[in-house]
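# Understanding the architecture of this molecule
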Amino acid sequence: MGLPPWETSDSQLFALITGANSGLGYAVASRMIDEFFTSPSTSPKKHLILILCTRSPLKTRFTISNLRAHLRKLVDYSAFATRQRQQAKAAGTEYRWEHMVQRVHFIGVEVDLCDLRSVYKLADRLVNGTVGSPDATTYDGTRLPHGSPGTGSYSKDIQQDRWALSTEIGTSGFSRSWGWGLSGIKIPRLDVVILSAGMGGWIGVNWIPAIWAVIVDTVEAVSRPKFKIPNTGALAKSQSSFQRYNSQDDEATQQLLSEQKKPDEPPLGEVFCSNVFGHYILTHELMPLLSHPSTPTSQVGGKIMWVSSLEAAADHLKLDDIQGLQSQTPYEDTKRLIEIMALTSELPSVKRVIEPYFDVENTTTWKSPSEEKVVRPRLYVTHPGIFASEIMPLNSFFVAVYKLVFLVARWLGSPYHPIQPYKAAVAPVWLSLLETEELEELEGHGSHKAKWGSATDVSGNEKVMKTEVAGWGWDGTVGEVKGEKKIGRARGAIDATKESIEDFEVTGAKAWKKLEDLREEWEGVLGMR
């Protein structure tokens, strides 16, 4: 087992990010690195460990390669680095960017959220196994020549690549601190899990209604669009097909597997599984890492960060079709479900229903019985606002047009159009780095939970804003909507009432119960017990 390079630090932040190779996930990782260093509350000896979750080893290598370049730019030749050098010179010391990069560590893992066996496999590896980072690559993510530094085949006779930090052999020294060569690392806990992976499930745009809507009501049309064409009823591939594909058995064993009778599988919506259910199972199985020991000085667990959307509305999500298989808005339904789950997770009537989800001993990954008292994690919900994302099936020309329309919407007063993924990551990163105790104070220790959104002013300066949720309001309280709260509000939104908040809580309990029933059903189908 490898020796963790952060072992001598005074504190660490372990963060797992799904969908880390592109879009919001990559932006969250980039911004977390920046704010980790630039925040005045970060200890100079604290380490950041990013567990980057993608769908393939190639994407993992490419992601780490790009994040290394991002980190190098920040600590060596950015305005931040210039200030650090000036401060060090004034203090009579020397600033070394090499020392800074030693405080950030990249670990790569892979999972397909629609392949439930791979979800269980990843959770078990994180809880009970070891992880590491792949061999070093070039800047564009391709493999280095045989024998290059940062790879298992290292030879001192090979010319060092310009993006390799050190010629140290194996996993020692600068090389592994620079994000490569880590192996056999045991993860002790998870402080935050950011669930940014997902899919839209759209197959096109209904252009005539889209153009008309943008002309007559620009802000609303590009904030909560109703002209996307869904792939209604789309199902995830059967889990048995994943099993055959992933099997490493020989040909004879493969033949035996193919001849076995496959279990009857209940339908599993593709968008639902990618956006909600895969993450739901993953976080449940990670409870041994997300539940932290209760001590006299600490009564907090990890954070589970669900990513919703500005598009979720009251008419989205029917509990009798929780997977959205008959829905014309399957994506929006999943986002509505996410915010209902997170916002009701600390309410007394709901906590009784969801106890099995948080129960460490109810996971398949729990292997070490202990009498130690633990504090369960907390759920939070955020949204990135509206930004140019690969999730929409548009070519580069229409993406450019959309960005221009988004900019017009911002000029017209919309606070929820950050446009760039990096700006859209402001709320998830803020929630991740904020001390749990402070965040709990802001949310009334669970009784006034909020949906925290990424926003900007007219000039594009980022900020975090509470966002209204249909039936729940801004934080589960009744009050007249006025002043700044009216800015960016959905057209035709109705003020939350005592009755609507009570109904929201009841819906939350029912939704959680359905998800728990579905999780237990799939545990049986997959034979996980």
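Residues numbered from 1 in each chain as written. Predicted model: local features only at pLDDT ≥ 70, side-chain atom pairs only at ≥ 80, totals over all residues. Heavy atoms only, no water.

Further remarks concern helix 14 (residues 348–358). Along an α-helix, residues three or four apart share an orientation, since each turn contains 3.6 residues. Turning to helix 14, its buried residues are Val350, Ile354, Tyr357 and Phe358. Along the axis of helix 14, the buried positions cluster into a sector of 75°, meaning they face one direction only. Exposed and oriented more than 90 degrees from the buried face of helix 14 are Pro348 and Arg352. (Buried < 20%, exposed > 50% of the residue type's maximum accessible area, 1.4 Å probe, protein only. Helix = DSSP H or I, 4+ residues; strand = E, 2+ residues; numbered from the N terminus. Arc of directions from axis to C-beta.)

Attention now moves to the nonpolar core. Ranked by size, the top nonpolar core spans 72 residues in total, and within it Leu126 and Leu190 carry the most contacts. Tallying contributions element by element places helix 19 (residues 498–526) first for this core, with 10 residues. Those residues in contact with leucine 190 that lie beyond four places of it in its chain are Phe14, Leu16, Ile51, Leu286, Leu289, Leu290, His292 and Gly302. (Core = buried A, V, L, I, M, F, W, Y, C linked by side-chain atoms within 4.5 Å. Contact = heavy atoms within 4.5 Å.)

Two numbers describe how helix 1 (residues 23–38) lies on helix 2 (residues 57–77): the axes approach to 10 Å, and their chain directions differ by 30°. By the criterion of interaxial angle, the relationship of helix 1 to helix 2 is roughly parallel. For the element pair helix 1 and helix 2, the recorded crossing hand is right-handed. Residues Tyr26, Ala29, Ser30, Ile33, Asp34 and Phe37 of helix 1 form the contact with helix 2, whose own contacting residues are Thr63, Asn66, Leu67, His70, Leu71, Leu74 and Val75. For the contact of helix 1 with helix 2, the class distribution of residues is 8 nonpolar, 4 polar and 1 charged. (Axes fitted to C-alpha atoms, helices over the stretch in contact; angles between N-to-C directions. Parallel < 35°, antiparallel > 145°, perpendicular 65-115°, else oblique. Left-handed = near helix turned anticlockwise from the far one by under 90°. Nonpolar A, V, L, I, M, F, W, Y, C, P; charged D, E, K, R; others polar.)

This part covers the sheet that holds strand 2 (residues 47–54). Taken in spatial order, the 8 strands line up as 3-2-1-4-8-10-11-12 in an open sheet, and their pairing is mixed. At either end of the open sheet lies a strand with only one pairing partner, and these are strand 3 (104–110) and strand 12 (462–467). Averaged over all pairs of adjacent strands, the angle between strand axes in this sheet comes to 25°, irrespective of strand direction. Where strand 11 (residues 451–456) meets strand 12, 6 bridges bridge the pair, whose relative direction is antiparallel. In the sheet register, tryptophan 452 faces strand 12, and the bridge partner there is lysine 466. (Pairing = 2+ DSSP bridges.)

Bringing the pairing of strand 1 (residues 12–18) into the picture now. Of all the 7 residues making up strand 1, 7 are buried; the element is thus mostly covered by neighbouring parts of the structure. Burial along strand 1 is two-sided: the face carrying Gln12, Phe14, Leu16 and Thr18 and the face carrying Leu13, Ala15 and Ile17 are both buried. By the bridge criterion, 7 bridges tie strand 1 to strand 2 in an arrangement that is parallel. Bridging from a neighbouring strand, glutamine 12 pairs with histidine 47 of strand 2. Traced from strand 1 through helix 1 to strand 2, the parallel crossover comes out right-handed. Summarising the sheet, strand 1 and strand 4 (residues 192–195) pair through 4 bridges and their orientation is parallel. (Right-handed = clockwise from strand over helix to strand, strands pointing away.)

Before going further, it helps to examine the confidence of the model for the protein chain. Residues at a pLDDT of 70 or more form 84% of the protein chain, whose mean pLDDT is 85. Per-element confidence in the protein chain is highest for strand 4, whose mean pLDDT is 97, and lowest for helix 6 (residues 173–177), whose mean pLDDT is 40. A low-confidence stretch, residues 165–177 (pLDDT under 50), is modelled with 34 contacts involving residues beyond four sequence positions or located in other chains. (pLDDT = per-residue confidence, 0-100.)

One pass over the full model with this rule turns up 12 aromatic pairs. With centroids separated by 6.3 Å and ring planes inclined at 45°, the aromatic side chains of phenylalanine 37 and phenylalanine 80 adopt a geometry described as tilted. Of the two residues, phenylalanine 37 sits in helix 1 while phenylalanine 80 sits in helix 3 (residues 79–90), which places them 43 residues apart along the sequence. Grouping residues by exposure puts phenylalanine 37 and phenylalanine 80 together as buried. Considering the side-chain rings of tryptophan 472 and phenylalanine 504, the 5.2 Å spacing of their centres and the 35° angle between planes classify their relative orientation as tilted. Here tryptophan 472, found in the loop between strand 12 and helix 19, pairs with phenylalanine 504, found in helix 19; they are 32 residues apart in sequence, far enough to count as distant. For tryptophan 472, a relative accessible area of 1% corresponds to the buried category. (Phe/Tyr/Trp six-rings, centres within 6.5 Å; stacked < 30°, edge-to-face > 60°.)

To continue, consider the packing of helix 14 against helix 19. At their nearest, the axes of helix 14 and helix 19 sit 9 Å apart, and the two run at 15° to each other. One element, helix 14, and the other, helix 19, form an angle in the roughly parallel class. Crossing hand, helix 14 versus helix 19: left-handed. Residues Ser349, Val350, Val353, Ile354, Pro356 and Tyr357 of helix 14 touch helix 19, and the partners they reach there are Glu505, Gly508, Ala509, Trp512, Lys513, Glu516 and Arg519.

A few words on a negative patch on the surface. A cluster of acidic residues, Glu435, Glu437, Glu438 and Glu441, forms a negative patch on the protein surface. Residue position: glutamate 435 is located in the loop between helix 17 (426–433) and helix 18 (436–442). On the accessibility criterion, glutamate 435 (49% relative accessible area) is partly exposed. (Patch = residues over 30% accessible without salt bridge, like charges linked within 9 Å, V, L, I, M, F, W, Y side chains within 5 Å. Areas by Shrake-Rupley, 256 points an atom, 1.4 Å probe, with all protein chains shown as cover. Salt bridge = Lys/Arg side-chain N within 4 Å of Asp/Glu carboxyl O. Lys, Arg positive; Asp, Glu negative; His and termini not counted. Charge placed at Lys NZ, Arg CZ, Asp CG, Glu CD.)

Right, let's talk about the state of the cysteines for a bit. For the structure on display, the rule yields 0 disulfides. With no disulfide of its own, cysteine 114 lies closest to cysteine 273 among cysteine sulfurs, the gap being 4.3 Å. A relative accessible area of 11% means that cysteine 114 is categorised as buried. Look at cysteine 273 and you get buried, because its relative accessible area is 0%. (Disulfide = S-S within 2.5 Å.)

Turning our attention to the environment of leucine 126. Structurally, leucine 126 can be placed in helix 5 (residues 116–128). Taking the C-alpha atoms as reference, leucine 126 lies 9.0 Å from valine 109; in sequence the two are 17 residues apart. Setting aside chain neighbours within four positions, we find leucine 126 in contact with Leu16, Ile51, Val109, Val131, Ile187, Leu286 and Leu289.

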